[in-house]
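Given next are the chains, with one letter for each unit.
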2 protein chains.
Amino acid sequence: MRYLLGIDGGGTGCRAAVADMTGRVLGTGKSGSANIMTDMENARLNILGAANAAFADAGIDASAIPAAAAVLGLAGAMVGGNGEKLRATLPFQQSLVTSDGTIALQGALGDTDGTVVIIGTGTLFVTRQGDDIRFAGGWGFKVGDLGGGARIGRDLLEEALLAHDRFHPSSPLTDAVLHRFENNPHRIVEFAHAARPSDFGTLTPLVFEYAAHDDAVALAIVNRAAAQIEEGLDAIMPPGQERLSLIGGLGALFEQRLSPRYRAKLQKPLHDALTGAVQLAVKNFAPVRKEAVHG
Amino acid sequence: MRYLLGIDGGGTGCRAAVADMTGRVLGTGKSGSANIMTDMENARLNILGAANAAFADAGIDASAIPAAAAVLGLAGAMVGGNGEKLRATLPFQQSLVTSDGTIALQGALGDTDGTVVIIGTGTLFVTRQGDDIRFAGGWGFKVGDLGGGARIGRDLLEEALLAHDRFHPSSPLTDAVLHRFENNPHRIVEFAHAARPSDFGTLTPLVFEYAAHDDAVALAIVNRAAAQIEEGLDAIMPPGQERLSLIGGLGALFEQRLSPRYRAKLQKPLHDALTGAVQLAVKNFAPVRKEAVHG
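Chain A carries the name N-acetylglucosamine kinase in an unreviewed UniProt entry, which gives Phyllobacterium myrsinacearum as its organism.

## A closer look at the overall build of chain A
Looking only at helices and strands, one finds 13 helices and nine strands in chain A. Against the globule reference of 19 Å for 295 residues, chain A gives a C-alpha radius of gyration of 21 Å, in line with a compact fold. Taken along its principal axes, the extent of the C-alpha atoms in chain A is 70 × 45 × 30 Å. The 295 residues of chain A split such that 55% are buried. Considering only intrachain contacts with a sequence separation of at least 6, the fraction spanning at least 24 residues in chain A is 61%. Of the roughly 12400 Å² that chain A leaves accessible, carbon and sulfur atoms contribute 53%.

## Digging into the interface of chain A and chain B
Reports of interface size often rely on the accessible area that becomes lost once the parts have come together. Contact residues are listed per partner, giving 30 residues for chain A and 30 residues for chain B. Sorting the residues of chain A by area buried against chain B places Trp139, Val143 and Phe167 of chain A first, and these three jointly supply 28% of that buried surface. Counting across the chain A and chain B interface gives two salt bridges. Between Arg151 of chain A and Glu158 of chain B there is a salt bridge, and its shortest N-O distance comes to 2.9 Å. Connecting chain A to chain B are 10 residue pairs in polar contact (both at pLDDT 80 or more).

## Quick word on the nonpolar core
Core analysis: the largest hydrophobic core is formed by 47 residues, its most contacted members being Leu157, Val177, Ile188 and Phe254 of chain A. Where this core is concerned, the elements lending two or more residues are β6 (114-119), α4 (149-164), α5 (172-180), α6 (185-194), α8 (204-212), α9 (216-236) and β9 (244-247) of chain A. With 10 residues, α9 of chain A is the largest single contributor of residues to this core. When near neighbours in sequence (up to four residues on either side) are disregarded, Val177 of chain A contacts Leu156, Leu157, Ala160, Ile188 and Leu206 of chain A. Grouped together as the second largest cluster of nonpolar side chains are 46 residues, Leu162 of chain A together with Leu157, Leu178 and Phe208 of chain B included.

## What to know about the UniProt feature "domain: ATPase BadF/BadG/BcrA/BcrD type" (unreviewed entry) in chain A
Residues annotated in UniProt with the feature "domain: ATPase BadF/BadG/BcrA/BcrD type" (unreviewed entry) correspond here to residues 5-250 of chain A. The span residues 5-250 of chain A shows a helical share of 43% and a strand share of 22%, and its end C-alpha atoms are spaced 27 Å apart.

## Remarks on the relation of the copies chain A and chain B
Superposing chain A onto chain B takes a rotation of 180 degrees plus a shift of 0.1 Å along the axis, which leaves an RMSD of 0.1 Å. One copy is carried onto the other by what is essentially a two-fold rotation axis. Minimal C-alpha separation from the rotation axis in chain A is found for Lys142 of chain A, amounting to 4.4 Å. Comparing interface residues between copies, 100% of those in chain A also sit at the interface in chain B, which points to an isologous, same-surface contact.

## Quick notes on the packing of α4 of chain A against α5 of chain A
Residue and element names in this part refer to chain A. Interhelical geometry of α4 versus α5 gives an angle of 95 degrees and a closest axis separation of 9 Å. One element, α4, and the other, α5, form an angle in the roughly perpendicular class. Contacts between α4 and α5 involve Leu156, Leu157, Glu159, Ala160, Ala163 and His164 from the former and Leu173, Thr174, Val177 and Leu178 from the latter. Broken down by class, the residue content of the contact of α4 with α5 amounts to seven nonpolar, two polar and one charged.

## Considering the packing of aromatic side chains
Residues and elements named next belong to chain B. All told, the structure shown has 12 aromatic pairs over all chains when counted by the stated rule. Judged by centre distance (5.5 Å) and plane angle (45 degrees), the rings of Phe141 and Phe200 are tilted. Taken together, the residues Phe141 in the loop between β8 (132-137) and α4 (149-164) and Phe200 in helix α7 (residues 197-201) connect sequence positions 59 residues apart. Judged by its relative accessible area of 11%, Phe141 is buried.

## Details of the pattern of salt bridges
For the coordinates displayed, the defined rule picks out 30 salt bridges over all chains. Notably, a salt bridge pairs Arg134 of chain A with Asp132 of chain A, separated by 3.7 Å at the nearest N-O pair. With its nearest N and O atoms 3.6 Å apart, the salt bridge here joins Glu230 of chain B to Arg261 of chain B. Here Glu230 of chain B is found in helix α9 (residues 216-236), whereas its partner Arg261 of chain B is found in helix α11 (residues 260-263), with 31 residues between them in sequence. A single salt-bridge network, built from bridges that share partners, covers Asp8, Arg15 and Asp272 of chain A.

## Some remarks on the pairing of strand β7 (residues 123-129) of chain B
All names here are of chain B. Burial analysis of β7 places six of its seven residues in the buried class, the great majority of the element. In the sheet, strand β6 (residues 114-119) pairs with β7 via six bridges, with the strands oriented antiparallel. Looking at the pairing, Gly114 lines up with Arg128 of β7. For β7 and β8, the ladder comprises six bridges, and the chain directions are antiparallel. Residue Arg128 lies in a different strand from β8, and its bridge partner there is Ile133. Linking β7 to β8, which pair antiparallel, is a turn of two residues; within it Gly130 sits at a positive phi near 65 degrees.

## Remarks on the layout of surface pockets
What the second largest pocket holds in volume is close to 550 Å³. Lining the second largest pocket are 27 residues, with Arg151 and Arg224 of chain A together with Arg151, Glu158 and Arg224 of chain B sitting closest to its centre. Among the elements of the structure, α4 and α9 of chain A together with α4 and α9 of chain B are those that each provide at least two residues to the lining of the second largest pocket. Considering every element that reaches the lining of the second largest pocket, the biggest residue donor is α4 of chain B, with seven residues. Here the residues of the lining of the second largest pocket sort into seven nonpolar, six polar and 14 charged.

## Section: the pairing of strand β5 (residues 94-99) of chain B
Residue and element names in this part refer to chain B. Where strand β4 (residues 69-74) lies against β5, six bridges are found, and the strand directions are parallel. Across the sheet, Ala70 pairs through a bridge with Ser95, a residue of β5. Crossover connection from β4 via helix α2 (residues 82-87) to parallel β5: handedness right-handed.

## Description of the sheet that holds strand β5 (residues 94-99) of chain A
All names here are of chain A. An order of β3-β2-β1-β4-β5 is seen for the five strands of this open sheet, with the pairing classed as mixed. Among the strands making up the open sheet, the edge pair consists of β3 (25-31) and β5. The sheet shows a mean angle of 15 degrees between the axes of neighbouring strands, taken without regard to direction. Docked against the sheet, helix α1 (residues 40-58) engages β1 (4-10), β2 (13-19), β3 and β4 (69-74), running at close to 140 degrees with respect to β3. Running over the sheet, helix α12 (residues 273-285) touches β1, β2, β3, β4 and β5 and is turned about 140 degrees from β1.

What counts and what doesn't
Within any chain, residue numbers begin from 1 and follow the written order of that chain's sequence. Lettering for chains starts from A, numbering for ligands starts from 1, and both go in the order in which the items are written. pLDDT decides what is reported in this predicted model: residues at 70 or higher carry local features, side-chain atom pairs at 80 or more are listed and counted, and totals for whole chains, interfaces and linings draw on all residues regardless. Water and hydrogen atoms play no part in the side-chain values, which are based on all heavy atoms of the structure. Helical segments are the DSSP runs of H or I of at least four residues, strand segments are the runs of E of at least two, and each set is numbered from the N terminus. Each radius of gyration reported is based on C-alpha atoms, and the globular scaling rule is 2.2 Å times the count of residues to the power 0.38. Relative accessibility under 20% of the residue-type maximum defines a buried residue, over 50% an exposed one, and the middle range a partly exposed one, all with a 1.4 Å probe and only protein chains included. Whether two residues touch is decided by their heavy atoms; if any such pair falls within 4.5 Å, the residues are in contact. Residue exposure ignores everything except the shown protein chains as possible cover, and the areas themselves are Shrake-Rupley values with a 1.4 Å probe. Joining two parts hides part of their accessible area as seen by a 1.4 Å probe, and the buried area is that hidden amount summed over both. For this analysis, a salt bridge means a side-chain nitrogen from Lys or Arg found within 4 Å of a carboxyl oxygen belonging to Asp or Glu. The definition of a polar contact used here is a pair of N or O atoms within 3.5 Å, where within protein one atom must be able to donate a hydrogen and the other to accept one, and adjacent residues in sequence count solely through side-chain atom pairs. Throughout, nonpolar core names a set of buried Ala, Val, Leu, Ile, Met, Phe, Trp, Tyr and Cys residues whose side chains join them through atoms within 4.5 Å. UniProt positions are given in the numbering used here, feature names are shortened, and annotations may be inferred rather than shown by experiment. Least-squares superposition of the copies uses the C-alpha atoms of those residues scoring a pLDDT of at least 70 in each of them. Interaxial angle, 0 to 180 degrees, is taken between N-to-C directions of lines fitted to C-alpha atoms, where a helix line uses only the stretch in contact. For classification purposes, an angle smaller than 35 degrees is called roughly parallel, one larger than 145 roughly antiparallel, one from 65 to 115 roughly perpendicular, and anything else oblique. Residue polarity follows a fixed list, in which Ala, Val, Leu, Ile, Met, Phe, Trp, Tyr, Cys and Pro are nonpolar, Asp, Glu, Lys and Arg are charged, and the others, Gly among them, are polar. Side-chain rings of Phe, Tyr and Trp (the six-membered ring for Trp) are treated as a pair once their centres are within 6.5 Å; stacked means planes under 30 degrees apart, edge-to-face means over 60, and tilted covers the remaining angles. In short, DSSP must find at least two bridges between two strands for them to pair. For each structure, a 1 Å grid was placed over the protein atoms alone; sets of points admitting a 1.4 Å probe that cannot get out are labelled cavities, open sets with protein on both sides within 12 Å along at least five of seven lines are labelled pockets, and lining residues have an atom within 4 Å of a point. Grid points are joined across faces, edges and corners, and a volume is the space filled by probe spheres set on the points. When the strands point away from the viewer and the path from the first strand over the helix to the second turns clockwise, the crossover is right-handed.

Written out as structure tokens, the structure reads:
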């Protein structure tokens, strides 16, 4: 008996699903961070950990793992040959390493055309028209990922310091941030100096919360982020395309912030990224009879 | 015989001047980075190295160093007790550790009222009205230092990636940047990931060069930076004050970019920051007769 394995891995954790050759999920598991850009070996261990947990959850003996056919969607897989390097070290009989965007697209849209924006700590744009899949954004928060949670948090700290110096107007939000840092701008600087992208991102819910109460600074930050996401859509989404999904931790928060022309195209994602990975495993590794069914 | 010592230290290097008790400079010396925020011990060694070089340059035996009275203007001196920590380890008979902004202000304005903006890798605003000296900005490029070289370089890389993804229009400048990184956005991401503030700053001359030829992206970046510096001036410079100096590596480049109302107040700095440190040493440590003369 041979099994399919779907893996969804990123900086905050790794999930796995084991399925039969038709794509029916038999068990799932999870583990810690699988960031192959910053720690390849730890990512590999967490991928194997999640896979083991999924097989255990399904009640299948781990001896079946080496025969599995796996699709792994991993953040950073397309950067600098990282995906290929990882693939060479995996114990599965067949492995396809692709980006987190590819499995998210498959999960959200199934086999239809459309565009997906993954808005979490970062922002990644993926669009599919027939067999043509294109990506944009996703370059990391330092010089990219405009509209994502890390940028929103970083913008907030910047506005708090500008308000402290009276370069920009203060607001209840900037007051709240300064208060959180003991009204000491040096504390903000220290936090920012040590912050990982996800640390900046922890401030993002505060911005949306104050924006909902019409805080001027919060609205300016959120509206700029929404405008930046629309700039990406303007660039990547084919004019006639009718299907758009915003996914990721912040996706739903942005839905009401889009212009009417994009709001009209919004559809809830069909499935999550892990299901997308399993679907791609069926497409790539199941017997031909199945491939014909799934297109 | 007792000597005064002026020290001007920052991330890119450390300079020292030894002077007699009237402030007449007898010798100067320099050494490497004196960034007390990131490497206190190395900063201390370079401060002592520059002081030793200055005494040697003046032909004074190093045995006179422990009797010296020193004023040190150091980037980051006012953050988290760094200045006090350093002061406790210095071998001079008297030491006053203050910010780089204080000695720059003294050097540029002498004893008159006015405002100084130090525009280098970062941006720091200092204004003096009588005995009242106030600072703003200078919080580091991650969440501050708007208008400084690190921010300009970072903005440029961001625009290059946005142009690559066709989210923003390209220009000869973004083409040149992409070409410099082998037309591979991953190279830009790798550079940004590892870049120190000064590394981002190395891209800044390119931006001003293209702005001089009316490159649209370059002009947008430079004009935004100039507007951010004016926001700081609007906040910190008293309305009636008539004297403004832009100093630091980028100061002169911004002079022609300011609005007429600020251009009208521009004056060349009287002296550099190292001279300002020596002047402050006279004020603080020379016999009372001298203090009376200098106010």
